[in-house]
Amino acid sequence: MDQEYERRLLRQINHQNLPSKACLTKVRSREGSLVSVGTHKGYVQIWDAAGGRKLTSLEGHSARVGALAWNGEQLSSGSRDRVILQRDVRTPPSAERRLQGHRQEVCGLKWSPDHQHLASGGNDNKLLVWNSSSLLPVQQYSDHLAAVKAIAWSPHQHGLLASGGGTADRCLRFWNTLTGQALQSTDTGSQVCNLAWSKHANELVSTHGYSQNQILVWKYPSLTQVAKLTGHSYRVLYLAVSPDGEAIVTGAGDETLRFWNVFSKTRCTKESKSVLNLFTRIR
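Residues numbered from 1 in each chain as written. Predicted model: local features only at pLDDT ≥ 70, side-chain atom pairs only at ≥ 80, totals over all residues. Heavy atoms only, no water.

**Observations regarding the overall build of the protein**
Then comes step 1: For the protein, the helix and strand inventory stands at 1 helix and 23 strands.
Then comes step 2: Considering the protein as a whole, with its 283 residues, one finds that 50% of them fall into the buried category.
Then comes step 3: A separation of at least 24 residues holds for 40% of the contacts in the protein among residues at least 6 apart in sequence.
Then comes step 4: When the accessible surface of the protein is totalled, it reaches about 14100 Å², and 48% of it is carbon and sulfur. (Helix = DSSP H or I, 4+ residues; strand = E, 2+ residues; numbered from the N terminus. Buried < 20%, exposed > 50% of the residue type's maximum accessible area, 1.4 Å probe, protein only. Contact = heavy atoms within 4.5 Å. Areas by Shrake-Rupley, 256 points an atom, 1.4 Å probe, with all protein chains shown as cover.)

**Describing the sheet that holds strand 18 (residues 203-208)**
Pairing between the strands of a sheet is mediated by backbone hydrogen bonds and can be parallel or antiparallel.
Then comes step 1: In space, the 4 strands of this open sheet follow the order 17-18-19-20, with antiparallel pairing throughout. Two strands lie at the open edges of the sheet, namely strand 17 (192-197) and strand 20 (224-229), each paired on one side alone. Between one strand axis and the next, the sheet turns by 20° as a mean value, whatever way the strands run.
Then comes step 2: Bridge count for strand 18 against strand 19 (residues 215-219) is 5 bridges, and the pairing is antiparallel. Looking at the pairing, T207 lines up with I215 of strand 19. (Pairing = 2+ DSSP bridges. Axes fitted to C-alpha atoms, helices over the stretch in contact; angles between N-to-C directions.)

**Observations regarding the pattern of salt bridges**
Then comes step 1: Tallied over the entire structure, the rule returns 9 salt bridges.
Then comes step 2: Across the salt bridge formed by R53 and D48, the nearest N and O atoms sit 4.0 Å from each other.
Then comes step 3: Among the salt bridges present, the one from E203 reaches K219, with a minimum N-O distance of 3.3 Å. Pair noted here: E203 is in strand 18 and K219 is in strand 19, with a separation of 16 residues, a long-range link.
Then comes step 4: One network of salt bridges, in which partners are shared, links R64, R80 and E105. (Salt bridge = Lys/Arg side-chain N within 4 Å of Asp/Glu carboxyl O.)

**Observations regarding the UniProt feature "repeat: WD" (unreviewed entry) in the protein**
Then comes step 1: In the numbering adopted here, UniProt assigns the feature "repeat: WD" (unreviewed entry) to residues 99-131 and 229-262.
Then comes step 2: This span, residues 99-131, is 0% helix and 58% strand, and a straight line between its end C-alpha atoms measures 11 Å. (UniProt positions renumbered as here; feature names shortened; annotations may be inferred.)

**A word on the nonpolar core**
Then comes step 1: In this structure, F174, L195, W197, L204 and Y220 are the most contacted members of the largest nonpolar core, which totals 15 residues.
Then comes step 2: If you list the elements that add at least two residues to this core, you get strand 13 (148-153), strand 14 (160-165), strand 15 (171-176), strand 17 and strand 19.
Then comes step 3: The residues touching Y220, leaving out its near neighbours within four places in the chain, are Q157, L160, F174, L183, Q184, W197 and N202.
Then comes step 4: Ranked by size, the runner-up nonpolar core spans 11 residues in total, among them A196, V217, L229 and L239. (Core = buried A, V, L, I, M, F, W, Y, C linked by side-chain atoms within 4.5 Å.)

**So, the packing of aromatic side chains**
Then comes step 1: For the structure shown, the criterion picks out 4 aromatic pairs.
Then comes step 2: When the ring of W197 is compared with that of Y220, the centres are 5.7 Å apart and the planes differ by 75°; the resulting orientation is edge-to-face. Of this pair, W197 sits in strand 17 while Y220 sits in the loop between strand 19 and strand 20, and the two are 23 residues apart along the sequence.
Then comes step 3: By relative accessible area, which is 4% here, Y220 ends up buried. (Phe/Tyr/Trp six-rings, centres within 6.5 Å; stacked < 30°, edge-to-face > 60°.)

Next up, the structure:
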């Protein structure tokens, strides 16, 4: 899907009178490209990007939908009603799974690279991990002191999960979900809004809000800062990685999009032999 077509599609979606805080995600499925949109009224809309038309509007939530995550043709949605709904967009809407574990709004969702586990973050300061069959979380992490919106699974080390806390926490934390063990953590100095791993090296990028509104690139597992990028004047609420994995685009409350070249295919780091890297010893 080229950029001009994406802009036209977004204009069409915008004509549906969606609120400015609607949640939007994209997936490239076997049938083509689908776009999902969560609205403040609790609906989840599915759009055909190729045809530029809305396919369906799914009910089920009783409050705004602020988190969406695709897993193949399955779509997970998290809401202020504290419920996570999992639905296969190819089946009738009645075929859904309801996951209930958060005590406040669900504000972050991410599927693991192997498609087996879903991580969810909430305004209750909890990070939960769910498997594909249970209706209850298989793991719960409670170390954050603020809402957990930023979540990212490592594409390099199986079971490694990163999360970031809000203004009262500011910490970047790492978890071994194979053992349930807490790994490293660091105080970033600002609210953590988003996280994304590099496809090419053992590095990740974090975007931030109050008080510095910065973008940081980290090396893992040393947690050395590779770069600090500034330019946004308000919270950097949105982050997306380019298909080639070398660039990112960020969106903030200052109503700007900024493009950054942060990851390089040629700057791949060798796998660490540190004792902190527990995953090399787990089969």
